[in-house]
Amino acid sequence: MNWTVEKETLTIALSGHIDSGNAPAVEAEIMDIRGNQPHSALVLDLKDLVYISSAGLRVVLRLRKLEEDFKLVNASAEVYEILDMTGFTEMMTVEKARRSLSVEGCEAIGRGANGIVYRIDKDTVVKVYQNPDCLADVQRERELARKAFVLGIPTAIPYDVVRVGESYGSVFELLNSRSFSKLIAADPASMDTYVDLYVDLLKKMHSTHVKPGEMPDMKAVVLDWVAFLRDYLPADQADKLVALVEAVPQRDTMLHGDYHTNNIVMQNNEVLIIDMDTLCVGHPVFELASMYLAFVAFGELDHSVTSNFLKLPYETAGLFWKKALARYLDTQDAQRVREVEEKAMVIGYARLMRRTIRRNGFDTEEGRANIELCKAHLSELLNRVNTLTF
């Protein structure tokens, strides 16, 4: 067997068969390596392991009891099935071997905070995560998507996890699908049709109840955002901002968290929502805030940000937002629409300001301009917005 030590992690690669005939010798060699190589974590790499019997499994079990930080990686489908059937996948971390996929030359059809979605072919897309240490995030998004699907939300379900370079990706089947951004760009005259479909799905999500603990609470997340700004806003403004968020009622209804026209697709006349890693529960004002950011605020100082992100002109994106908000509220009363928009803006600019600061915004001219823009908007809004509910 081969072994390496990197950053206090001892990785031992196993190969061939482990059965009653050689399990004692395999265990003795592993124990010898463990004893001679100082480490704080042990990884067994099963990439070249073809078969493991109950005798080999007992060796693994004894290692688990000896090692505080222990996992198995690169298990083939056959070996993983053995480990899963015997309950080992519930007792320790077991990672499957992943097929490799290249996105070189593929079209990027969506981009978010955690990854980029590429179209591999006319039937398949893959979301590639930016963080190489992202398997937990991949599994989390897969589970959230599954929960949403079970609750009746039309979404693409990831069916495979692959290696993409140094990171991982989730593979989805999206047959001949086109995002709403592309559909609107190709046929601006049909915007109202897409607004109706967009809002219908949004309302369906916002009326879907989720069991306690199954999805993150967005109010708790937003409270962290506004608490962060206490060091950057006048005390009276910061106090009011926190109080406004604290007063938002708890809701157990679903939010998408990143609901814009890149993440809504049309597949064979069916509307689907993708990119489910931001699913949460909470009051709709938090959803509207993220929508306002995507369609308006992110590109407020530099309109090319919106055109590069949504693949729509800034003016078109802003018009879609206005129409969608009016349709969501079921009103053509401009004053009512503006009133709710300003509630969303409070949360939106608080989020944008925090995000810019955390990304070293004070170090760049663009960042400083964004921070000042957010401060100016918040100062004005907090003078007249006295509740975030509607």
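Below: a short report on this structure. Since this is a predicted model, take the numbers as computed values, not measurements. Throughout, residues of each chain are indexed from 1 in the direction in which the sequence is written. Only residues with pLDDT of 70 or above have their local features reported here, since the model is predicted, and side-chain atom pairs are shown and tallied only from 80 upward, although totals for entire chains, interfaces and linings are computed over all residues. Processing note: side-chain calculations cover all non-hydrogen atoms of the structure and skip hydrogens and water entirely.

## Concerning the nonpolar core
Joining through side-chain atoms within 4.5 Å is the link that ties buried Ala, Val, Leu, Ile, Met, Phe, Trp, Tyr and Cys residues into a set, and such a set is a nonpolar core. Between buried and exposed lies partly exposed: a residue is buried under 20% and exposed over 50% of the maximum accessible area for its type, with that area taken using a 1.4 Å probe on protein chains only. Among the nonpolar cores identified, the biggest contains 79 residues, and Y198, Y259, F295, Y349 and L388 are the most heavily contacted of them. When residues of this core are assigned to their parent elements, the largest contribution, 11 residues, is made by helix α13 (residues 334-358). When neighbours within four sequence positions are excluded, Y259 is seen to be in contact with Y198, L201, L202, M205, I264, I273, E287, S290, M291 and F295. In terms of nonpolar packing, the next biggest core, distinct from the first, is built from 27 residues, L46, L72, Y80 and M92 among them. Helix and strand assignments follow DSSP, with helices taken as H or I runs no shorter than four residues and strands as E runs no shorter than two, numbered in order from the N terminus. The contact criterion used throughout is that any non-hydrogen atoms of two residues lie within 4.5 Å.

## Some words on the pattern of salt bridges
Salt bridges are counted wherever a side-chain nitrogen of Lys or Arg sits within 4 Å of a carboxyl oxygen of Asp or Glu. All chains considered together, the criterion is met by 21 salt bridges. Between E27 and R62 there is a salt bridge, with its nearest N and O atoms 2.8 Å apart. Here E27 is found in helix α1 (residues 23-36), whereas its partner R62 is found in helix α2 (residues 54-66), with 35 residues between them in sequence. The shortest N-O distance in the salt bridge between R99 and D160 comes to 2.7 Å. Within this pair, whereas R99 is found in the loop between β5 (93-96) and β6 (107-111), its partner D160 is found in strand β9 (residues 160-164), the two being separated by 61 residues in sequence. Assessed through its relative accessible area of 21%, D160 is described here as partly exposed.

## Observations regarding the packing of aromatic side chains
The aromatic pairing rule takes the rings of Phe, Tyr and Trp, using the six-membered ring of Trp, and pairs them if the centres are within 6.5 Å, calling planes under 30 degrees apart stacked, those over 60 edge-to-face and the rest tilted. Tallying each qualifying case throughout the model produces 9 aromatic pairs. Pairing Y198 with F320 gives two aromatic rings, centres 4.9 Å apart and planes at 85°, and the pair type is edge-to-face. A residue pair is termed long-range when its members are at least 10 positions apart, and Y198 in helix α7 (residues 191-206) and F320 in helix α12 (residues 314-329) qualify at 122 residues. By the burial criterion, Y198 is buried, and F320 matches it. One aromatic cluster is present, formed by Y198, Y259, F295 and F320 through successive ring pairs. For a lysine, the NZ atom is tested; for an arginine, the CZ atom; a charge sits over a ring if that atom is within 6 Å of the ring centre and within 35 degrees of the ring normal. Here the basic side chain of K96 rests over the ring of Y80, its NZ or CZ set 4.8 Å away from the ring centre. Residue placement shows R163 over the ring face of Y168; its charged tip is 4.3 Å from the ring centre.

## Notes on unusual backbone geometry
Leave glycine aside and you will find that most residues have negative phi; peptide bonds, for their part, are mostly trans. Positive phi, close to 50°, is recorded for N268, a residue that is not glycine. By secondary structure assignment, the location of N268 is in the loop between β13 (264-267) and β14 (270-273). Here the phi dihedral of K311 falls at roughly 60°; this positive angle occurs in a residue that is not glycine.

## A look at the pairing of β14
Side-chain positions along a regular strand alternate between the two faces of the sheet. Pairing between two strands is assigned when DSSP locates at least 2 bridges connecting them. Across 4 bridges, the pairing between β13 and β14 is antiparallel. Each residue of the ladder has a partner; that of Q267, found in β14, is E270.

## Topic: the sheet that holds strand β8 (residues 124-129)
Two orientations exist for strands paired in a sheet by backbone hydrogen bonds: parallel and antiparallel. An order of β6-β7-β8-β10-β9 is seen for the 5 strands of this open sheet, with the pairing classed as antiparallel. This sheet does not close on itself; its edge strands, each paired only once, are β6 and β9. Direction aside, the axes of adjacent strands within the sheet are offset by 30° on average. Two elements, β8 and strand β10 (residues 167-173), share 5 bridges in a ladder whose sense is antiparallel. In the sheet register, T124 faces β10, and the bridge partner there is E173. Between N-to-C directions, angles span 0 to 180 degrees; the directions come from axes that are lines fitted to C-alpha atoms, helices contributing only their stretch in contact. Against the sheet, helix α5 (residues 135-150) contacts β8, β9 and β10, and its axis sits at roughly 150° relative to β9.

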